[in-house]
Amino acid sequence: MKQILRYGLILFLVCSIAAGVLAFTYENTQKVIEINKKLEKEKILKEMIPEATEFKKVENLPKVENKLVKINEINIAYKGQEKIGSIWEVVSKGYSSDIILVIGINKEGKIEHISVLSQQETPGLGSEITKDSFLKQFIGKDTPNLEAKKNITPVSGATISSSAVVRAVNEVLKHKDF
Amino acid sequence: MKSEMDKLIVSSSPHIFVKEDVSYAMRQVIYALIPATLAGVYFFGLYSLWVILVSIISAVLWEAFALFLRKKPLNILLDFSAVVTGLLLALTLPPKVPLWIPVIGSGVAILLGKQVFGGLGDNFLNPALVGRAFLLSSYPQIMTSWIEPIHKIGGMVSQASPLTSTATPLAIVKLKLTGYQLPSYWHLFIGDIPGCIGETSALLLLLGGVYLIYKEIVDWRIPLSYILTVFIISLLFGKDPIFQILAGGLFLGAFFMATDWVTTPLTKKGKVIFGIGAGFFTMVIRLFGIYPEGVSYGILVMNALTPLIDRTIKPRKFGEVRK
Amino acid sequence: MKNFWIYVKNGIFKENPVLILMIGLCSVLAVSVNVQNAIGMGLAFTFVMVFSNLFVSLLRKFTPHDIRIPIFIVVIGTFTTIVDLVISAYSPTLYKALGIFIPLIVVNCIIIGRAEAFAYKHSVIESIADGIGISIGYVWTIVALGAIREFLGSGTLLNVNIIPNFQPMRVFIMPPGAFWGIGLLIALLKWVDSKIRR
């Protein structure tokens with residue numbers, strides 16, 4: 001009984017010191033992490049539609065039937081009072097990870113800009129979906145009839161990753177007027 | 001030969017073969033492959049002959065290099081196994097590949113597929129298929145660009161010849177490609193279809209396979225159970241079974257690769273299980289995988305499972321009582 | 001002080017954690033797709049390794065034998081989380097590349113193995129020396145493997161194209177390439193070892 005109490009006490013001591021150290025690090029790094037994330041997001045939004053003066057987040061997101069795609073966030077870009085486009089953050093299930101895409105749609109309902117925010121696909125194969133040579137195929141598209149190997153050339157050896165991007169783009173185009 | 005083979009007792013490893021026997025068997029395999037090889041050259045042009053020659057020569061050179069590194073006598077080369085590996089590898093390549101592809105492929109086949117394990121008899125995977133698997137995952141684009149048969153020995157002398165690219169029948173079905181027409185059974189049977197150099201002509205491969213079975217180089221159980229399994233599974237899943245058998249590399253794989261002495265089970269029952277398993281995995285890949293064709297991976301998976309099959313199915317010792 | 005260098009040297013070849021002890025292979029195989037990731041993982045590993053050895057050794061007098069493993073885990077976990085937070089705050093790009101592998105340092109067998117086999121039984125200075133030595137061994141191995149795989153699999157080194165027109169063998173950045181690469185390195189080390197001994 002005494003033994004257990006002693007052990008418990010020692011463990012408690014070690015753990016509380018560790019917790020203290022971690023709390024301190026967390027406090028100090030969390031601010032930087034938050035700022036980094038916010039900066040990065042703002043930079044991306046600004047890059048997508050440079051002439052926008054203000055972005056407004058959409059509260060009720062449209063429902064997606066496709067289980068492999070999820071819409072994270074929609075920001076509507078305004079220039080003064082006028083709507084000049086929307087920016088979508090969508091997640092699509094890739095080969096080995098969730099691919100997060102940012103897609104900008106302009107006034108005419110066409111894709112103006114698309115980039116991969118984060119992915120953990122196979123380096124050298126699936127990760128090639130971040131390259132411009134693949135992504136530029138989507139620019140200017142406005143109807144959700146895209147299909148890998150038909151009207152979109154997939155990254156060679158990475159059909160699944162490529163299809164994941166195609167799937168996400170189709171969902172965005174389907175719901176662009178929600 | 002026949003009566004001698006009857007006395008031959010098949011046992012578990014170590015496999016120590018009399019050299020003359022291995023060499024004899026390997027030469028028979030080469031003879032059996034000649035019709036299909038010639039058909040490939042006829043269908044896909046003279047360039048495919050270069051691919052085949054480069055593959056065979058580089059396989060022999062790689063083998064010599066490996067034997068030199070391992071300080072083994074070079075006369076092991078006379079067992080012809082490197083020639084067979086090179087030839088089999090070339091027959092599984094698309095006709096239009098650049099010539100460095102067979103060099104790398106046979107290097108991987110001989111060095112990583114065979115010699116690192118200690119040479120012929122100690123490899124657990126079919127070397128030619130290791131080479132092909134390596135090439136397929138390393139150069140997916142090159143390894144999946146096909147051409148229409150051209151029926152002219154003089155056609156396509158070099159890789160640069162302008163030829164329309166196309167898709168294999170299996171790819172057309174699997175990816176639901178439009179704008180292509182599926183070949184008739186007859187064309188599938190004689191091999192007048194796009195595909196790897198040596199895999200298209202079911203007729204000539206069957207001829208070679210029957211020759212090998214007649215010479216008792218290969219056991220009929222593996223090809224038969226393999227092809228039957230593919231037939232039955234395609235029936236069950238509502239696919240056209242005759243198409244599934246004739247398209248792709250099933251005949252080449254079933255007769256010449258799934259029957260490799262070293263990498264297949266020793267017992268009769270084990271051989272049947274091997275064939276069924278290879279057929280099963282082939283169809284799983286064809287039906288549900290990302291690749292349209294699954295023969296090579298099906299055989300490789302069963303190669304890896306062979307020691308397990310051999311351990312489970314032991315021949316009953318003389319006098320042993322069944323439990 | 002002489003011992004210090006002997007312990008450092010020990011980890012580099014004689015007790016190389018990856019190639020000789022063959023522990024902690026999962027992170028090595030998974031992360032070594034290119035040199036950049038390998039260096040990042042190596043640095044994160046070094047930090048956790050040295051500090052966990054230091055603190056395990058420091059606390060060894062107060063650590064009852066029966067509950068040493070939970071205490072090791074807490075120490076290692078603390079430092080891993082610190083690395084995780086610091087990298088994600090100050091180098092988001094590296095954080096993206098290393099992703100899941102930083103938290104996995106917690107269960108890296110090398111670190112807990114050295115805590116149990118070395119730091120728990122040796123003085124603080126010796127433990128630091130061992131931590132440094134093992135880390136150097138880990139770093140050179142993972143960087144070498146990363147270089148092999150990046151060169152053969154992508155045709156580049158540190159994202160710089162080395163040979164123009166080289167057709168990279170994609171299989172080397174896939175899992176089988178990792179196993180081939182590590183097999184090659186192990187064979188090479190054994191071969192050199194046998195030459196030296198002779």
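Fair warning: this is a prediction, and the values are worked out from it, not measured in the lab.

## Remarks on the overall build of chain B
Okay, so step 1: A tally of regular secondary structure across chain B gives 15 helices and two strands.
Okay, so step 2: In chain B, buried positions account for 53% of the 323 residues.
Okay, so step 3: Within chain B, counting contacts between residues at least 6 apart in sequence, those at least 24 apart form 76% of the total.
Okay, so step 4: Total accessible area on chain B is roughly 15300 Å²; 68% of this is exposed by carbon and sulfur atoms.

## Side note on the interface of chain A and chain C
Okay, so step 1: With 24 residues of chain A in contact, the opposing surface of chain C contributes 22 residues.
Okay, so step 2: Roughly 2000 Å² of surface becomes buried between chain A and chain C when both sides are summed, with 74% attributable to carbon and sulfur atoms.
Okay, so step 3: Taken together, the connections running from chain A to chain C amount to zero salt bridges.
Okay, so step 4: The tally of links between chain A and chain C comes to two residue pairs in polar contact (both at pLDDT 80 or more).
Okay, so step 5: Per element, the largest residue contribution to the side of chain A that touches chain C is 18 residues, and it comes from helix H1 (residues 2–48) of chain A.
Okay, so step 6: A per-class count over the side of chain A that touches chain C returns 14 nonpolar, eight polar and two charged.

## Structural notes on the sheet that holds strand S4 (residues 98–106) of chain A
All names here are of chain A.
Okay, so step 1: Read across the open sheet, the five strands follow the order S1-S2-S3-S4-S5; overall the sheet is antiparallel. Unpaired on one side and paired on the other, strand S1 (54–57) and strand S5 (111–118) mark the two borders of the sheet. The average angle at which neighbouring strand axes cross in this sheet is 25°, direction not considered.
Okay, so step 2: Along the sheet, H1 contacts S1, strand S2 (69–79), strand S3 (82–93), S4 and S5; its crossing angle with S5, the most-contacted strand, is approximately 160°.

## So, a nonpolar patch on the surface
All names here are of chain B.
Okay, so step 1: Together, Trp220, Leu224, Leu228, Ile232, Leu236, Phe237 and Phe288 line one region of the surface with nonpolar side chains, adding up to about 780 Å² of accessible area.
Okay, so step 2: Summarising the element assignment, Leu236 is placed in helix H11 (residues 221–236).
Okay, so step 3: Given a relative accessible area of 69%, Leu236 falls into the exposed group.

## Quick notes on the packing of helix H5 (residues 100–112) of chain B against helix H6 (residues 127–138) of chain B
Residues and elements named next belong to chain B.
Okay, so step 1: Look at H5 against H6: their axes get within 7 Å of each other, and the N-to-C directions meet at 130°. If you check the angle between H5 and H6, you find them oblique. Two packed elements cross with a definite hand, and for H5 against H6 that hand is right-handed. Contacts between H5 and H6 involve Ile101, Ile104, Gly105, Val108 and Ala109 from the former and Pro127, Ala128, Val130, Gly131, Phe134 and Leu135 from the latter.

## Considerations on the pairing of S4(A)
Residue and element names in this part refer to chain A.
Okay, so step 1: Taken across its nine residues, S4 has eight buried, putting it largely inside the fold.
Okay, so step 2: The pairing of S3 with S4 spans nine bridges and is antiparallel. Directly across from Ser86, in S4, lies its bridge partner Ile105.
Okay, so step 3: Where S4 and S5 come together, six bridges link them in antiparallel fashion. In the sheet register, Leu101 faces S5, and the bridge partner there is Val116.
Okay, so step 4: Connecting S4 to the antiparallel partner S5 that follows it, the hairpin turn spans four residues, and Gly109 within it adopts a positive phi of roughly 85°.

## A word on the pattern of salt bridges
Okay, so step 1: Using the criterion set out here, one finds twelve salt bridges over all chains in the structure.
Okay, so step 2: Linking Glu171(A) and Lys174(A) is a salt bridge whose minimum nitrogen-to-oxygen distance equals 3.4 Å. Pair noted here: Glu171(A) and Lys174(A) are both in helix H3 (residues 159–174), with a separation of three residues, about one helical turn.
Okay, so step 3: Residue classification places Glu171(A) among the buried residues on the basis of a relative accessible area of 3%.
Okay, so step 4: Owing to a relative accessible area of 47%, Lys174(A) belongs among the partly exposed residues under this scheme.
Okay, so step 5: Across the pair Glu15(C) and Arg114(C) runs a salt bridge, and its minimum N-O distance is 3.3 Å.

## Remarks on the nonpolar core
Grouped burial of nonpolar side chains is what soluble globular proteins tend to show.
Okay, so step 1: Of all hydrophobic cores here, the largest spans 74 residues; its most connected members are Tyr226(B) and Phe256(B).
Okay, so step 2: Sorting elements by how many residues they give to this core places helix H2 (residues 19–44) of chain B first, with nine residues.
Okay, so step 3: One finds Ile10(A), Ala44(C), Tyr138(C) and Ala178(C) within the second-largest nonpolar core, a separate group that totals 42 residues.

## Comments concerning the side chain of Ser137(B)
Okay, so step 1: If you trace the backbone, Ser137(B) turns up in helix H6.
Okay, so step 2: Side-chain polar atoms of Ser137(B) contact the backbone oxygen of Ala133(B), separated by 2.9 Å.
Okay, so step 3: Excluding its chain neighbours within four sequence positions, the residues that come into contact with Ser137(B) are Arg170(C), Val171(C) and Met174(C).

## Description of the packing of helix H10 (residues 202–214) of chain B against helix H13 (residues 250–257) of chain B
Residue and element names in this part refer to chain B.
Okay, so step 1: At a closest axis distance of 9 Å, the pairing of H10 and H13 adopts a crossing angle of 15°. What the angle tells us is that H10 and H13 run roughly parallel. As for how H10 packs across H13, the hand of that crossing is left-handed. Residue-level contacts link Ala202, Leu205, Leu206, Gly208, Gly209, Leu212 and Ile213 of H10 to Phe251, Leu252, Phe255 and Phe256 of H13.
Okay, so step 2: Tallied by class, residues from the contact of H10 with H13 come to nine nonpolar, two polar and no charged.

## Thoughts on unusual backbone geometry
All names here are of chain B.
Okay, so step 1: Of note in this structure, Lys71 is not a glycine but carries a positive phi near 55°.
Okay, so step 2: One can find Lys71 in the loop between helix H3 (47–69) and helix H4 (81–91).
Okay, so step 3: Of note, the phi angle at Glu216 is positive, near 60°, even though the residue is not glycine.
Okay, so step 4: Inspection of the secondary structure assignment puts Glu216 in the loop between H10 and H11.

## Observations concerning the environment of Thr46(C)
All names here are of chain C.
Okay, so step 1: Topologically, Thr46 is positioned in helix H3 (residues 35–58).
Okay, so step 2: Accessibility expressed as a relative area gives 23% for Thr46, which makes it partly exposed.
Okay, so step 3: Thr46 has contacts with Ser135 and Val139, leaving out every residue within four places of it along the chain.
Okay, so step 4: In this structure the side chain of Thr46 is engaged in a polar contact, spanning 2.7 Å, whose partner is the backbone oxygen of Gly42.

## Re the packing of aromatic side chains
Okay, so step 1: One pass over the structure, following the stated rule, counts 22 aromatic pairs over all chains.
Okay, so step 2: Consider the rings of Trp186(B) and Phe189(B), whose centres lie 6.4 Å apart with planes at 45°: the pair is tilted. Placement of the pair is Trp186(B) and Phe189(B) together in helix H9 (residues 185–190), with a separation of three residues, close to one helical turn.
Okay, so step 3: Here the aromatic residues Phe47(C), Phe51(C), Phe55(C) and Phe79(C) are joined through ring pairs into a cluster of three or more.

## Details of the confidence of the model for chain C
Okay, so step 1: Per-residue pLDDT for chain C has a mean of 86; in total, 97% of the residues score no lower than 70.
Okay, so step 2: With pTM at 0.78, the complex prediction returns an ipTM value of 0.78.

## Comments concerning the environment of His65(C)
All names here are of chain C.
Okay, so step 1: Mapped onto the fold, His65 is located in the loop between H3 and helix H4 (68–90).
Okay, so step 2: For His65, a relative accessible area of 48% gives the class partly exposed.
Okay, so step 3: With 55 residues separating them in the primary sequence, His65 and Tyr120 have C-alpha atoms 9.6 Å apart.

## Remarks on H6(B)
Okay, so step 1: Between the first and last C-alpha of H6(B) there are 16 Å, a value that for twelve residues agrees with the 16 Å anticipated at 1.5 Å per step.
Okay, so step 2: Among the twelve residues that make up H6(B), twelve are buried, leaving the element largely enclosed by the rest of the structure.
Okay, so step 3: Listed as buried for H6(B) are Pro127(B), Ala128(B), Leu129(B), Val130(B), Gly131(B), Arg132(B), Ala133(B), Phe134(B), Leu135(B), Leu136(B), Ser137(B) and Ser138(B).
Okay, so step 4: Of the surrounding secondary structure, the elements contacted by the buried residues of H6(B) are H4, H5, helix H7 (140–143), H13 and helix H15 (295–312) of chain B together with helix H9 (175–197) of chain C.
Okay, so step 5: Measuring from the side-chain oxygen of the N-cap residue of H6(B) to the backbone nitrogen of Ala128(B) gives 3.1 Å; that N-cap residue is Asn126(B).

Parameters and conventions
- Residues numbered from 1 in each chain as written.
- Chains lettered and ligands numbered in written order.
- Predicted model: local features only at pLDDT ≥ 70, side-chain atom pairs only at ≥ 80, totals over all residues.
- Heavy atoms only, no water.
- Helix = DSSP H or I, 4+ residues; strand = E, 2+ residues; numbered from the N terminus.
- Buried < 20%, exposed > 50% of the residue type's maximum accessible area, 1.4 Å probe, protein only.
- Contact = heavy atoms within 4.5 Å.
- Areas by Shrake-Rupley, 256 points an atom, 1.4 Å probe, with all protein chains shown as cover.
- Buried area = accessible area lost by both parts, 1.4 Å probe.
- Salt bridge = Lys/Arg side-chain N within 4 Å of Asp/Glu carboxyl O.
- Polar contact = N/O pair within 3.5 Å; in protein donor to acceptor, adjacent residues only side chain to side chain.
- Nonpolar A, V, L, I, M, F, W, Y, C, P; charged D, E, K, R; others polar.
- Pairing = 2+ DSSP bridges.
- Axes fitted to C-alpha atoms, helices over the stretch in contact; angles between N-to-C directions.
- Patch = residues over 30% accessible without salt bridge, like charges linked within 9 Å, V, L, I, M, F, W, Y side chains within 5 Å.
- Parallel < 35°, antiparallel > 145°, perpendicular 65-115°, else oblique.
- Left-handed = near helix turned anticlockwise from the far one by under 90°.
- Core = buried A, V, L, I, M, F, W, Y, C linked by side-chain atoms within 4.5 Å.
- Phe/Tyr/Trp six-rings, centres within 6.5 Å; stacked < 30°, edge-to-face > 60°.
- pLDDT = per-residue confidence, 0-100.
- Expected span 1.5 Å × (residues − 1).

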